[in-house]
Every structure is written in structure tokens, then in C-alpha cells.
Amino acid sequence: YESLLGASVLVKSSRGGTMSNNYGFYSLILPPGKVRLRASYVGFKAMEIEIDLQRDTMIDFPLRSLASLGEVVIRGTRPRYEILSSRAGVIDVPAERVKSIPALLGEADLVKTLQQLPGVAVGTEGMTGLYVRGGGADENLYLLDGNPVYHVNHLLGFFSAFNPDAIKNTRFYKGSFPAEYGGRLSSVVDVRMNDGNRQEYHGNISVGLLSARANLEGPIVKDRSSFNVSVRRTGLDLITGTALAIINKNSDTKESFGYHFFDINAKVNHSFSERSRAYLSFYMGQDAFRQGSKEKHEDSDDMFLWRWGNLIGSAGWNYVFGQKLFGNLMVGYSRFRSHIRQEAKGYEIEGNRAERQSIKRDSRYKSEMEDLSVRLSVDYSPSMNHRIRMGTDYLYHNFRPENSQQRSWVNDSLVNPVYELLYDYSLIKGHEFSLFAEDEMRVTDRLRVNAGL
């Protein structure tokens, strides 16, 4: 059981209708009397119900996935539908589409799926760079459950940070942006994580050439709360470790080399009532690279370590205030951190070999950025042909652009140390506050207006 984003709810008698928002909620204003509603979503069997509408009513449509696709009859097409829409250049990419597209070495990837769309350039072949309509790779806004993701690559760009098993839907804006998004120039990639099945437990394990994945979902309290957990890890360090063990067996210099990354996605959601729902989502991803050597007969070695990755968490509460008003409150945290450490140990000879002295150098470099954000937004639908979105955002930024340290030891004691600090835990704070409002109206059958600020 997953809430469907962008599902269509149609009134059969008038052919009017609406679509569900990012949390699966929808609103229709209809006169009293008998009405027949039809709910549909790509890849699911459509459902129709007839009700005698006399008061405000909450209706959930439990759509079932189509196990197989039967005969398809095309009765007519509207080639200008995309052009006539008030929101051009918007594409919904469900998780099933990401997994179904052929991928290099069998590794499905969200960003590489987006690279196949019109108006998007790849950059370096095989990498996850996204260049939208001539913009740079750093001009795209990536959101995971509403939180910004600053570093979206693994394995120097071969993988993206989005595990296909953890994704429910992605909305890609490569044309005009809705007023609620800000901060980038080229595109918006709004990724929503799986909520988890509220009826049954499901899981899968996938082992590929470059990585292994596992996913588990199911109910916590049936029909009220659920969880979804996905993990992914590459096994490249196991391959290189085995190869180096063979090489080092008969060598005086022991070489070490390894790289790995891992992802953890988790989400829990709970419905307090038909009108109230809350969720918690979590993501952690890290890359680690190690290279070094050690002399077999000498007390000398050097080691280079580099770790970098994201930590993202958010908590949200949705509430249906009435027949026309839906509200959402979200608190989020996002951090990207990069740590580099280099150690070297050996000897410095003065005069003859008996006068040599041991030395050790330790260099460390740190860089990070973190955000704490609060967002309040409301959807107001005064009629089927009129929808208003408005809200406010506050982001508190902490930037530590550079912290560099270097220390030296002589004869295992701190003698005449070389100690350099550059921006020692320098903290640059920033406050970002925004208000947004957007009004989407269907004036006539041929005229739609979307105005935002």
C-alpha cells in the first residue's frame, strides 16, 4: 500500500477532475446528489465508485497493480496536450520505469534514467552528470522527501545516491519551475521515498556485478502505519583486497587499496486518523577510499584515507483541515561532509645511518555543509478549476568550507612541531527565508493560467 502521486480522479458526468498531490491527497468540490468517480494511475487498474453525496466525504481508492498488460486500443491522441498545459517540461518518473530501463552492468539508476529525456545532456559518458538545457551540473536542485541533497554521486559519478528500491516517484522539472522551488537555475529533481506496504510484508535481495541491495517493507500497525528500509553496498573493496593479497604475498612492500560505498534509506509513516498523517524519513550514504603502502623490513608506511557522504533526515505532518484545505509541516536536516587524512611514517638520516631519527606526519582536511530547515505549506482548492498553493520556508545554513591541519613528530615525541591551521573550524552561518504563492486556474477549455511568486 503506497500513496500515489499525481493520480487522476475524474467526475464521470462532467469529465472534470483533479490530481493527487505529493502526499496522495486530493480535493473535489461537487453539488449534492449522486455522482460517479473514477480513479486511475499508470500501471494500475482504474476504479469507479458511485456515491450519494450529501455531506463532506473522505474517499480512499485502493488501486491494484496490473500484473500484465493486455490489448491496448488507442482511440485518439492529443499531441498538443503537453504544450497546452500550464506547466510545461514536467515529467513524472515512477520507480518501475527506473528499474525497467536497460542499464550498464545491470545497475539501474535514477539520474541515468533522467539523462535519456529530451533537453538533458549526459556530459561524460557513463557518469551521472545532469546538464539540462545548457546549464551546469551544479545548477540542479535535488530533493529527497523535501530536503536538499548536495552530493548525488557514488564511485566518482558512476552511481547516483538514489537507491532504486527506496524510490516511490520522481518529479522532474526541466522547464518552468513552480513557485515553491528555489535556489537553482537548470532543473528540479523532486524524489519521494517509499512509505512501505500497510497490508503485507515484502522484501527482496539483489546482487549485481558492482553492488548488492536489500529491501524490506511492511506494516507496523496494519492499515495505520508502515515502514520501508533499503540498504545498498558495493563490493569493489572485496575484489581489490583479494587481488592485492596475491600481489603482496612475495613482495617486500605491502600495498593496500580499496574503495566502497553504502546507502541506507528508511521511512516510517503513521495515520492518526483519516485527516492526519505523519512520517519520518532517513538517508545516510558514504563513500570511502583507502590507499597506502608499508615496508616489510622497515618501520615505515604511508596511508591516505578519504571519506565523504550525506546524512539527511526529515519529519513531516499532513492534515486535511476541511473540504478545500490541506496543510503540511516539515522539519528537515541535511549535511554533506568530506574528510581526508594522510599519514606518513619513516626515517630521516643525518650523517650516517646510526644517527637517523624517526619522523611521523599527520595531515587532515575537513569540509562540510549542513542545513536545518522548516517548511509550512497549504493547498487550497476553492473549485475543480482553481488551485492555490502557498507557504513559507526557513533554512539555517552552516558552512565549514575548509579546516586543514598538519602535525609532525620526531623520535616519537612532539619536538619542534610543524602545526598549521587554515580556517580552523571556521563557521559561516547563513539564514534563508522565503515566501511563495502559486495560483493555477482553468479559465476556459483552451486557457490555463499558472501565476506564482
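The written sequence of each chain sets the order in which its residues are numbered from 1. Totals for whole chains, interfaces and linings use all residues, but because this is a predicted model, local features are given only for residues with pLDDT of at least 70 and pairs of side-chain atoms are given and counted only at 80 or more. Hydrogens and waters are ignored; side-chain quantities use all the structure's heavy atoms.

Student: Is there a simple way to explain the sheet that holds strand β3 (residues 33-40) in this structure?
Tutor: Sheet strands associate in pairs through backbone hydrogen bonding, adopting either a parallel or an antiparallel arrangement. Taken in spatial order, the 4 strands of this open sheet run β2-β1-β3-β4, and their pairing is antiparallel. The open sheet is flanked by β2 (17-19) and β4 (47-53), the only strands paired with a single partner. On average, each strand axis in the sheet is tilted by 20 degrees relative to the strand beside it, whichever way the strands run. Pairing between β3 and β4: 7 bridges, direction antiparallel. Within the sheet, the bridge partner assigned to G33 lies in β4 and is L53. By the convention used here, strands pair only if DSSP detects at least 2 bridges between them. Put simply, DSSP H or I for four residues or longer makes a helix, DSSP E for two residues or longer makes a strand, and each gets a number counted from the N terminus. A fitted line through C-alpha atoms represents every axis, and for helices the fit uses only the stretch in contact; the resulting angles, taken between N-to-C directions, go from 0 to 180 degrees.

Student: Before we go on, may I ask you to explain a negative patch on the surface in this structure?
Tutor: Patch members must show over 30% relative accessible area and no salt bridge, and they are joined within 9 Å when carrying like charges or within 5 Å when they are nonpolar side chains of Val, Leu, Ile, Met, Phe, Trp or Tyr. Only the protein chains shown count as cover for residues, and all accessible areas are computed by the Shrake-Rupley method using a 1.4 Å probe. Counted as salt bridges are all cases of a side-chain nitrogen of Lys or Arg within 4 Å of a carboxyl oxygen of Asp or Glu. Neither His nor the chain ends is counted toward charge; the positive residues are Lys and Arg and the negative residues Asp and Glu. All charge positions are set by atom: Lys at NZ, Arg at CZ, Asp at CG, Glu at CD. Residues D252, E255, E295 and D302 make up a contiguous surface patch of negative charge. Inspection of the secondary structure assignment puts D302 in strand β19 (residues 301-320). For D302, a relative accessible area of 36% gives the class partly exposed. Whether a residue is buried, partly exposed or exposed follows from its accessible area with a 1.4 Å probe, protein chains only, as a fraction of its type maximum: under 20%, in between, or over 50%, in that order.

Student: It is not clear to me how the nonpolar core should be interpreted in this structure. Could you clarify?
Tutor: A general feature of soluble globular proteins is that nonpolar side chains tend to end up buried together. If you look at the biggest cluster of nonpolar residues, it comprises 23 residues, and the most contacted ones within it are L114, L130, Y142, L144, F162 and F172. Those elements that provide at least two residues to this core are β5 (90-94), α3 (110-114), β8 (140-144), β12 (167-173) and β13 (187-193). Look past the residues within four positions of F172 in its chain and what remains in contact with it is G89, V90, I91, L114, L117, V120, L130, V132, S187, V188 and V189. To qualify as a nonpolar core, a set must consist of buried Ala, Val, Leu, Ile, Met, Phe, Trp, Tyr and Cys residues joined through side-chain atoms within 4.5 Å. Residues L28, Y41, I49 and L63 belong to the second largest nonpolar core, which totals 14 residues. Residues count as neighbours in contact if any of their non-hydrogen atoms are within 4.5 Å of one another.

Student: Would you explain the side chain of K174 in this entry?
Tutor: Tracing the backbone shows K174 in the loop between β12 and β13. Pairs of N or O atoms are called polar contacts if they sit within 3.5 Å, as long as, within protein, a hydrogen donor faces a hydrogen acceptor (for residues adjacent in sequence, only side-chain-to-side-chain pairs). From its side chain, K174 meets the backbone oxygen of P118 in a polar contact 3.2 Å long.

Student: Looking at this model, I keep getting lost on the sheet that holds β5. Mind explaining?
Tutor: Across the sheet, which stays open at both edges, the 5 strands sit in the order β5-β12-β13-β8-β9 with mixed pairing between neighbours. The strands lining the two open edges of the sheet, one partner per strand, are β5 and β9 (147-148). Two elements, β5 and β12, share 5 bridges in a ladder whose sense is antiparallel. Considered in β12, the bridge of D92 is made with R171.

Student: Before we go on, may I ask you to explain the packing of aromatic side chains in this structure?
Tutor: Each pair of aromatic rings is reported with the distance of its centres and the angle of its planes. The pairing test for Phe, Tyr and Trp rings, Trp by its six-membered ring, is centres within 6.5 Å, and the orientation test on the planes gives stacked under 30 degrees, edge-to-face over 60, and tilted for anything in between. Counting across every chain of the model gives 13 aromatic pairs. Measuring from centroid to centroid gives 6.2 Å for Y26 and F61, while their planes differ by 45 degrees, and the two rings are tilted. Taken together, the residues Y26 in the loop between β2 and β3 and F61 in the loop between β4 and α1 (81-84) connect sequence positions 35 residues apart. Residue F61 is classed as buried on the basis of its relative accessible area, which comes to 16%. Arranged with centres 5.3 Å apart and planes meeting at 80 degrees, the rings of F257 and F289 form a pair that is edge-to-face. Of this pair, F257 sits in strand β17 (residues 253-271) while F289 is found in strand β18 (residues 276-295), placing the two residues 32 residues apart along the sequence. Two thresholds decide whether a charge sits over a ring: the Lys NZ or Arg CZ must be within 6 Å of the ring centre and within 35 degrees of the ring normal. The positively charged end of K267 is found above the aromatic ring belonging to Y279, 5.0 Å away from the centroid.

Student: How do you make sense of the side chain of R389 when you look at a structure like this?
Tutor: Secondary-structure assignment places R389 in strand β22 (residues 386-410). Judged by its relative accessible area of 12%, R389 falls in the buried class.

Student: Is there a simple way to explain a nonpolar patch on the surface in this structure?
Tutor: Residues F272, W317, L329, V331, L372, V374, L376, Y394, F433 and L435 make up a contiguous nonpolar surface patch of about 950 Å² in total accessible area. Elements with a contribution of two residues or more to the nonpolar patch: β20 (325-348), β21 (357-383) and β24 (428-444). Residue contributions to the nonpolar patch peak at 3 residues, all from β21. Secondary-structure assignment places L435 in strand β24.

Student: Explain the pairing of strand β15 (residues 211-221) to me, please; I cannot follow it from the model alone.
Tutor: If a strand is regular, its side chains alternate between the two faces of the sheet. Where strand β14 (residues 202-207) and β15 come together, 6 bridges link them in antiparallel fashion. Each residue of the ladder has a partner; that of I205, found in β15, is A214. Hairpin connection between β14 and β15: a loop of 3 residues separates the two successive antiparallel strands. By the bridge criterion, 10 bridges tie β15 to strand β16 (residues 225-234) in an arrangement that is antiparallel. Counted as the bridge partner of G218 is F227 from β16.

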